[in-house]
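Observations on the model geometry
Residue strings, one per chain:
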Amino acid sequence: MHYVASGSLSLGSLGLLRLFGASWSWSLAAGLGVYLGTGGWRYLYVVVRTAKRDINGLYVLLRVKLALWLHIRNRNTIPSIFSKTVARHPDKPALVYEATGETWTFSQLDQISNAVAHWALSQGWTSGDVVALFMESRPLQVALWLGLAKVGVEAALINFNLRRDSLLHCVGVSASRALVFGAELADAVSEVSFSLSATMVRFSTGDLSPDQMAALKCHPLDSILASAPRHPPPCTVSKGFSDRLFYIYTSGTTGLPKAAIVVHSRYYRIAAFGYHSFRMRPDDVIYDCLPLYHSAGNIMGVGQCLIHGLTVVVKKKFSASRFWEDCIKHNCTVVQYIGEICRYLLSHVWEAFMERFGVKQIGEFYGATECNCSIANMDGKVGACGFNSRILPNVYPIRLVKVNEETMELVRDKQGLCVPCQPGEPGLLVGRINQEDPLRRFDGYASQDATRKKIAYNVFKKNDSAYLSGVEGKAGMAAIADSTGNFNCNSFLKEVQHALPPYARPVFLRISPCVDTTGTFKIQKTRLQREGYDPRLTTDQIYFLNSRAGRYELVTEELYNAFEDGSISL
């Protein structure tokens, strides 16, 4: 608003001088002087520093938006786009399975996914039915969800770390009619076998004995697909670019995982933004060591294969010791990672990482599977995960807004609108929702209640709606009230190991005689957040989960210092 006021004042000055007969050159000079003198120089400084970045960002945005519009108009889907990719590169390697060295060309991936489609039709599944996939990363996982999508069936991509209640929840919330699981997860399926619906048909892939298959009541999918037709399935699907493709689950660190809806246009835009923002090429080879139940691995990574014709090397699980050896072996030119991975390869990241390993470009981005406010670092600004244009803020309407740090509720002004953060202030990232725009739509979750909780109203202006990015992430500290002094860390760890995947287990435990509450009995988290895991700031006992030793250890001042200087990683 300050820049608008400065501009208005300078235009007024220009008009007044012309009224009194001043020349255009003098009037323009005086108007510019007024503009700069009233603070407009700050805006010009921002323009000069960010114009190149913003123009590049605008180019990528418009390019993706035009492609989305064309695909929507032509009622394309991810399978139909993939068929065009196959036609361009029939014999080029599409997916390489690093564990075995097995290579699938684009034609082979297309044929195997066709076999999946025919299998789905033989089961009587129709458009809108859901099938849960529960397996470690492998090319077959891509062929499964792609083949299902060819006949309108939606896959639920389940995190292979889940067990018991979390696993049952994810299968149930998607209303899956069938479960396909890898033999490596037979024990996990066995734990919940009797709790699964009797009508849910089960299929396994991989090596299981006849006795195991009988106990799990499952059918051998590998032999079924081997005998299935490999020609394209009959065209019976009426889905378009805005219809559901599959489900990807949130991490579930703050509760049970939510099934995020991924429509065809969302899959395309995530992959396309990555491709154009980070200047990939069709001859690039991507090393994808991220799980394929995750949008980073399955959309940002595999999406480059299906849509743009790149070769993707699929790694079953990330390995720091094999990372560079794998990349050299397969001539990889693009490496995909999430924040923690580079810390496993080198403790001090970014500039040191680029220098140590000769990396020419790092392109980071922030986003979530379901969000409409993703941002990307397109110009290599060290330490940044993205930007929001100060010149054209309404082209991509996202904003950091203030929140109450104790309650995490949105802070509002006198008009009831959200209050924008100033540069340097922490806040919550929000994106204005427009269901008619594939870049700004919010498709939500399988649960309508979960969807409603992620939408706020009267954010940018009256009667609008916006997506709330939230605080999903790695579990940090659990504060436990123990008035008896009988809390047992070992017993607690055994329970969470059975119930929670590794990333959802608390890294720190804080054992307190009681938990501070407000006058309305809400837990006061601010003090706990401020004190963190520093044992010098509290008399409470704080424990650290030593994953290698398999136990919680008391945090002493010596251990705290080791965390701070980086000699022990968190």
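Residues numbered from 1 in each chain as written. Predicted model: local features only at pLDDT ≥ 70, side-chain atom pairs only at ≥ 80, totals over all residues. Heavy atoms only, no water.

Rule in force here: UniProt positions are given in the numbering used here, feature names are shortened, and annotations may be inferred rather than shown by experiment.
An unreviewed UniProt entry lists the protein under the name Long-chain-fatty-acid--CoA ligase, with Cyprinus carpio as the source organism. Annotation of the protein in UniProt includes, under Sequence similarities (unreviewed entry), the sentence "Belongs to the ATP-dependent AMP-binding enzyme family."

1. Description of the overall build of the protein
What counts is decided by this rule: Labels follow the DSSP assignment, with helices taken as runs of H or I lasting at least four residues and strands as runs of E lasting at least two, numbered in each case from the N terminus. The buried label goes to any residue with under 20% of its type's maximum accessible area, the exposed label to any with over 50%, and the partly exposed label to all in between, with areas taken from a 1.4 Å probe on protein chains only. For this analysis, residues touch if any pair of their heavy atoms sits within 4.5 Å. Note on areas: Shrake-Rupley, 1.4 Å probe, and residue coverage restricted to the protein chains presented here.
Helix and strand counts for the protein stand at 18 helices and 22 strands. The buried share of the protein, taken over its 570 residues, is 49%. If you take every contact in the protein between residues at least 6 apart in sequence, the share linking residues at least 24 apart comes to 68%. Of the roughly 28400 Å² of accessible surface on the protein, 55% is carried by carbon and sulfur atoms.

2. Focus on the nonpolar core
Put simply, the rule is: For the purposes of this section, nonpolar cores are sets of buried Ala, Val, Leu, Ile, Met, Phe, Trp, Tyr and Cys residues that join through side-chain atoms within 4.5 Å.
The biggest cluster of nonpolar side chains holds 112 residues, and the ones touching the most others in it are Trp-119, Phe-134, Trp-145, Phe-246, Tyr-267 and Leu-306. The element that contributes the greatest number of residues to this core is helix 5 (residues 139-150), accounting for eight residues. Apart from the residues lying within four places of it in its own chain, the contact partners of Trp-119 are Trp-125, Leu-144, Leu-148, Val-180, Phe-203, Leu-221, Ile-224 and Leu-225.

3. Looking at helix 18 (residues 557-564)
The following threshold applies: Regarding the arc, it is the one traced by the directions from the helix axis to the C-beta atoms.
Every buried residue of helix 18 is listed here: Leu-559, Tyr-560, Ala-562 and Phe-563. Down the axis of helix 18, the buried set is contained in an arc of 160 degrees. They therefore lie on one face. Those residues of helix 18 that are buried lie in contact with strand 20 (508-512), strand 21 (541-546) and strand 22 (551-554). At the C-terminal side of helix 18, Gly-566 shows a positive phi close to 85 degrees.

4. Remarks on helix 5
Heads up, the condition is: A helix is expected to reach a length of 1.5 Å times the quantity of its residues less one.
Helix length check: helix 5, at 12 residues, gives a terminal C-alpha distance of 17 Å against a target of 16 Å (1.5 Å per residue), a fit within 8%. Counting buried residues in helix 5 gives 12 out of 12 residues, a clear majority hidden from the surface. Buried within helix 5 are the following residues: Pro-139, Leu-140, Gln-141, Val-142, Ala-143, Leu-144, Trp-145, Leu-146, Gly-147, Leu-148, Ala-149 and Lys-150. Gly-152 sits one or two positions beyond helix 5 and adopts a positive phi of about 80 degrees.

5. As for the sheet that holds strand 12 (residues 334-335)
Hydrogen bonding along the main chain pairs the strands of a sheet, whether they run parallel or antiparallel. To keep it simple, the criterion reads: Two strands pair if DSSP finds at least two bridges between them.
Pairing within the open sheet is mixed, and its five strands lie in the order 2-1-11-10-12. Across the chains shown, the open sheet's two edge strands, defined by having one partner strand only, are strand 2 (102-105) and strand 12. Relative to strand 11 (residues 311-314), strand 1 (residues 93-97) runs parallel, the two sharing three bridges. By the bridge assignment, Val-96 is partnered in strand 11 with Val-313.

6. A closer look at the pairing of strand 19 (residues 477-481)
In plain terms, the rule: The crossover handedness rule: strands pointing away from the viewer, path from first strand over the helix to second strand clockwise, crossover right-handed.
A one-sided burial pattern is seen for strand 19, the buried positions being Ala-478 and Ile-480 and the unburied ones Met-477, Ala-479 and Ala-481. As paired strands, strand 19 and strand 20 are joined by five bridges and run parallel to one another. Across the sheet, residue Met-477 finds its bridge partner in strand 20, namely Phe-508. Taken together, strand 19, helix 16 (residues 489-499) and strand 20 constitute a β-α-β crossover, and its handedness is right-handed.

7. A look at the state of the cysteines
By definition, a disulfide links the sulfur atoms of two cysteines through a covalent bond. Just so we agree on the cut-off: Here, two cysteine sulfur atoms that lie within 2.5 Å of each other are counted as a disulfide.
According to the stated counting rule, one finds zero disulfides in the structure shown. Cys-373 takes part in no disulfide bond, and the closest cysteine sulfur to it belongs to Cys-371, at a distance of 4.3 Å. Classification of Cys-373 as buried rests on a relative accessible area of 0%.

8. Description of the packing of aromatic side chains
Here is the rule we go by: Planes of paired rings set the category: under 30 degrees apart is stacked, over 60 is edge-to-face and the rest tilted, where pairs are Phe, Tyr or Trp rings (Trp by its six-membered ring) whose centres lie within 6.5 Å.
The tally for this structure, following the rule as stated, stands at 24 aromatic pairs. Ring centres of Phe-241 and Tyr-268 lie 5.9 Å apart, and the angle between their planes is 55 degrees; on these two criteria the pair is classed as tilted. You can see Phe-241 sitting in the loop between helix 9 (221-226) and strand 8 (244-249) and its partner Tyr-268 sitting in helix 10 (residues 264-277), a full 27 residues away along the chain. By the burial criterion, Phe-241 is buried, and Tyr-268 matches it. Aromatic side chains Phe-508 and Phe-544 sit 5.7 Å apart centroid to centroid with 45 degrees between the ring planes, which places their arrangement in the tilted category. Of this pair, Phe-508 sits in strand 20 while Phe-544 sits in strand 21, and the two are 36 residues apart along the sequence.

9. A word on the packing of helix 3 (residues 78-88) against helix 4 (residues 106-122)
Each pair of packed helices can be summarised by the angle the axes make with each other and by the distance between the axes. Short version of the rule: A fitted line through C-alpha atoms serves as each axis, taken over the contacting stretch for helices, and the angle formed by two N-to-C directions is quoted from 0 to 180°. In a left-handed crossing the near helix is turned counterclockwise from the far helix by less than a right angle, and in a right-handed crossing that turn is clockwise. In this classification, the charged set is Asp, Glu, Lys and Arg, the nonpolar set is Ala, Val, Leu, Ile, Met, Phe, Trp, Tyr, Cys and Pro, and all remaining amino acids, among them Gly, are polar.
Relative to each other, helix 3 and helix 4 sit at 145 degrees, their axes nearing to 9 Å. Helix 4 is crossed by helix 3, and the crossing has left-handed handedness. Contact with helix 3, carried on its side by Phe-82, Thr-85 and Val-86, involves Phe-106, Ser-107, Leu-109 and Asp-110 of helix 4 and no other residues of that element. Here the residues of the contact of helix 3 with helix 4 are counted per class, giving four nonpolar, two polar and one charged.

10. So, the pattern of salt bridges
Basically, it comes down to this: The salt bridge criterion pairs a side-chain nitrogen of Lys or Arg with a carboxyl oxygen of Asp or Glu, the two atoms within 4 Å.
Following the criterion strictly, the structure yields 24 salt bridges and no others. Across the pair Asp-326 and Lys-315 runs a salt bridge whose closest N-O atoms are separated by 3.0 Å. Highlighted residues: Asp-326 in helix 12 (residues 323-329) and Lys-315 in the loop between strand 11 and helix 12, separated in sequence by 11 residues. For Asp-326, a relative accessible area of 0% translates into the label buried. In the salt-bridge network here, residues are joined through shared partners; they are Glu-98, Lys-315, Arg-322, Glu-325 and Asp-326.

11. Structural notes on the sheet that holds strand 18 (residues 465-468)
The strand order 15-16-18-17 describes an open sheet built from four strands, whose pairing is antiparallel. Looking along the sheet, the strands with just one partner apiece sit at the ends: strand 15 (398-401) and strand 17 (455-457). Ignoring strand direction, the axes of neighbouring strands in this sheet form an average angle of 35 degrees. Note: strand 15 against strand 16 (residues 428-432), four bridges, orientation antiparallel. The residue bridging Val-401 from the neighbouring strand is Leu-428, located in strand 16.

12. Some thoughts on a nonpolar patch on the surface
We count it as follows: Patch membership requires more than 30% relative accessible area and the absence of a salt bridge. Residues of like charge join within 9 Å; the nonpolar side chains Val, Leu, Ile, Met, Phe, Trp and Tyr join within 5 Å.
Together, Leu-66, Trp-69 and Leu-70 make up an exposed nonpolar region whose accessible area comes to about 300 Å². Leu-70 gets classed as partly exposed once you look at its relative accessible area, which sits at 32%.

13. Let's talk about the confidence of the model for the protein
What counts, and what does not: A score from 0 to 100, pLDDT tells how confident the predictor is in each residue.
When pLDDT is averaged along the protein, the result is 87; 88% of the residues meet or exceed 70. Counting interchain partners and residues more than four positions distant, the pLDDT-below-50 stretch residues 11-20 has 11 contacts.

14. Description of the side chain of Asn-114
Structurally, Asn-114 can be placed in helix 4. Residues contacting Asn-114, with those up to four places away along its chain left out, are Lys-150, Pro-229, Arg-230, His-231, Pro-232 and Pro-233.

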